[in-house]
Amino acid sequence: MTGYAQTVGRCTHCALTDRVTELLSDANGTISPQLMPFAGFLLATSTPQYLWSWLHRSAGARLIAQLATSTAPIDHHALDQLPQSQEVIHLRQLLIAADVLPRRFEPLALLEPWLDRQLTARPRSHDLLIRPFAQWIVLRRARNAHRHGRFTYGSAGNSRGRLRQALHLLDWLTAQQRSIAELTQADLDQWLTEGSHYTRRDVASFLAWTAARRLTPKLTVARQRSDIPTWFLDEDQHLNLLRRCLTDTSLPLTVRVAGALILLYGARATTVAALTTEHLSTGSRGAYLSLGDTPALLPPTLAELINDLAAQPHRFAAAVRQPRYLLPGQPPTRPINPASLSALLGRYGIPARASRNTALITLAADLPAPVLASLIGVAPATADDWSRWAQVDWGSYLAARDAIPE
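The following refers to the structure shown. (Residues numbered from 1 in each chain as written. Predicted model: local features only at pLDDT ≥ 70, side-chain atom pairs only at ≥ 80, totals over all residues. Heavy atoms only, no water.)

1. Section: the overall build of the protein
Along the protein, the regular secondary structure elements total 22 helices and three strands. Taken across its 406 residues, the protein has 44% of its residues classed as buried. Taking the contacts inside the protein whose residues are at least 6 apart along the sequence as the reference set, 64% of them involve residues at least 24 apart. Total accessible area on the protein stands at roughly 21000 Å², and carbon and sulfur atoms take up 53% of it. (Helix = DSSP H or I, 4+ residues; strand = E, 2+ residues; numbered from the N terminus. Buried < 20%, exposed > 50% of the residue type's maximum accessible area, 1.4 Å probe, protein only. Contact = heavy atoms within 4.5 Å. Areas by Shrake-Rupley, 256 points an atom, 1.4 Å probe, with all protein chains shown as cover.)

Following this line, the structure appears as structure tokens:
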């Protein structure tokens, strides 16, 4: 049986090698030096069945075959010009992991190509306004935040939101046959009330920029913000969900670890998604996890779950560098998308926002704001807010809380 299995294994490897060679060969029937590392990377997979399916059925495989036979260079710019489908995103990450493309921080790198696509079918006047605003305000702030390690997938979404709402306002003015110079407070108020004020208020930074350059008068975007968060779990819900994450073996390990970190430490989904094995450490008292500047001592049960998660094998595991993501995406060279993580938790009955709020209000009642900020990696001002809110009677939160979304 052993000899038979070895023979089958060799035949499978030969078939995979033939298919990889066919897929990556150029018009002359040879694999270019640039793609040779990619061939080795693919054949290093720990799951041949997955590779066989990807090579024969995926849009990503068809795309790399087209790129291999093209005379155009295979680089980030070429992939940026394509619609950013899951197949393109997945292929890019595979090429990065194989050292065919240089590593870059995708949430930031994709902002400019995204803006290019948004401006393609819009008037030249929109382009002349939005590009300077993007370069000097949105992208400048994004790059600065990235240099300080504070730019996340959520930050990229906020940056797109500011640009998107600025474009929507310009589109609305064009439909009204008005220019940005003719925008009045009454016009702005009308535009805000016609749509979702929660998203349209993102236009405030654009209007501050136009006012500073005297393109518009100073205009006001009302914030309509409640003083305190209102999505919370009651104490029994909170403890039951935490107990479930720590003890329920029917839950996926990813859900158990992510849910426990949010319920126990009030960690953001973006923070949890970005965790790697490098954030784990061991001291005299046990295992620690760095969510902020100060490593947090993990309960033994949670430490065991995290170690089990870190030890799980993944596709292309042989080619994944250390440190590895604790919650890898597809491929495992990138983290899971925070929005996908929150949605996954929701499917198992763990509302991420309410869980985080409840953990934070509980911690803030016991810890000084500077300690809270250092422990879980929130801004000092945010920690101060939670400490102030924690002084409010707990029953007031439960009485005022919103319905928790499914």
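2. Quick look at the environment of Thr-21
With respect to the helices and strands, Thr-21 occurs in helix H1 (residues 2-24). Separated by 18 residues in the primary sequence, Thr-21 and Ala-39 have C-alpha atoms spaced 7.4 Å apart.

3. Some remarks on the packing of helix H19 (residues 352-366) against helix H21 (residues 380-389)
Across the interface, H19 lies against H21 with an axial gap of 8 Å and an inter-helix angle of 80°. Here H19 is positioned roughly perpendicular relative to H21, judged by the angle of their axes. Side by side, H19 and H21 meet where Asn-357, Leu-360, Ile-361 and Ala-364 of the first sit next to Trp-386, Ser-387 and Trp-389 of the second. By residue class, the composition of the contact of H19 with H21 is five nonpolar, two polar and no charged. (Axes fitted to C-alpha atoms, helices over the stretch in contact; angles between N-to-C directions. Parallel < 35°, antiparallel > 145°, perpendicular 65-115°, else oblique. Nonpolar A, V, L, I, M, F, W, Y, C, P; charged D, E, K, R; others polar.)

4. Notes on the environment of Thr-301
Mapped onto the fold, Thr-301 is located in helix H17 (residues 300-311). Taking the relative accessible area as the measure of exposure, Thr-301 reaches 40% and is therefore partly exposed. Sequence separation between Thr-301 and Leu-246 is 55 residues; the distance between their C-alpha atoms is 6.7 Å.

5. Things to note about helix H8 (residues 111-119)
By the burial criterion, the buried members of H8 are Leu-111, Pro-113, Trp-114, Leu-115 and Leu-119. Tucked into the core, H8 has its buried residues touching helix H5 (76-80), helix H7 (106-109), helix H9 (124-147) and helix H10 (153-175).

6. Observations regarding the sheet that holds strand S1 (residues 280-283)
Strand order in the open sheet formed by three strands is S1-S2-S3, with antiparallel pairing between adjacent strands. Each having just a single partner strand, S1 and strand S3 (296-297) make up the two edges of the open sheet. (Pairing = 2+ DSSP bridges.)

7. Some thoughts on the environment of Ala-373
Considering the arrangement of structural elements, one finds Ala-373 in helix H20 (residues 369-376). In this structure Ala-373 comes out as buried when scored by relative accessible area, which is 11%. Here the alpha-carbon distance between Ala-373 and Ala-383, two residues 10 residues apart in the chain, equals 5.5 Å. Those residues in contact with Ala-373 that lie beyond four places of it in its chain are Val-378, Ala-379, Pro-380 and Ala-383.

8. Considering the pairing of strand S2 (residues 286-289)
For S1 and S2, the ladder comprises four bridges, and the chain directions are antiparallel. Of the residues in S2, the one forming a bridge with Thr-282 is Ala-287. As paired elements, S2 and S3 share two bridges and run antiparallel to each other. Among the inter-strand pairings, Leu-289 is bridged to a residue of S3, identified as Ala-296. Between S2 and S3, which pair antiparallel one after the other, the connecting turn spans six residues.

9. Structural notes on the packing of helix H15 (residues 253-265) against H19
As a packed pair, H15 and H19 sit with axes 6 Å apart at the nearest point and diverge in direction by 40°. Taken together, the axes of H15 and H19 lie oblique to each other. Together, Ile-262, Leu-263, Leu-264 and Tyr-265 of H15 and Ala-352, Ser-355, Arg-356, Ala-359, Leu-360 and Leu-363 of H19 make up the contact between the two elements. A class-by-class count of the residues in the contact of H15 with H19 yields eight nonpolar, one polar and one charged.

10. Some points on the packing of aromatic side chains
Two numbers describe a pair of aromatic rings. These are the distance of the centres and the angle of the planes. Summed over all chains, the structure comprises six aromatic pairs. The interplanar angle of 15° and the centroid separation of 6.4 Å between the aromatic rings of Phe-38 and Phe-41 together place this pair among those described as stacked. Separated by three residues within a single helix, Phe-38 and Phe-41 lie in helix H2 (residues 36-43), roughly one turn from each other. Of the residues examined, Phe-41 reaches a relative accessible area of 5% and is grouped as buried. Ring plane angle 25° and centroid distance 6.2 Å describe the contact between Phe-206 and Trp-209, whose orientation is recorded as stacked. Of this pair, Phe-206 and Trp-209 both sit in helix H13 (residues 204-212), separated by three residues, roughly a single helical turn. With respect to class, Phe-206 is no different from Trp-209; both count as buried. Here the aromatic residues Phe-133, Phe-206 and Trp-209 are joined through ring pairs into a cluster of three or more. (Phe/Tyr/Trp six-rings, centres within 6.5 Å; stacked < 30°, edge-to-face > 60°.)

11. Things to note about unusual backbone geometry
For residues besides glycine, phi is generally negative; the peptide bonds are generally trans as well. Positive phi outside glycine occurs at Asp-99, with the angle close to 65°. Among the structural elements, Asp-99 can be located in the loop between helix H6 (86-97) and H7. Judged by relative accessible area, which is 52%, Asp-99 ranks as exposed. With phi around 60°, Arg-214 is a residue other than glycine that occupies positive phi space.

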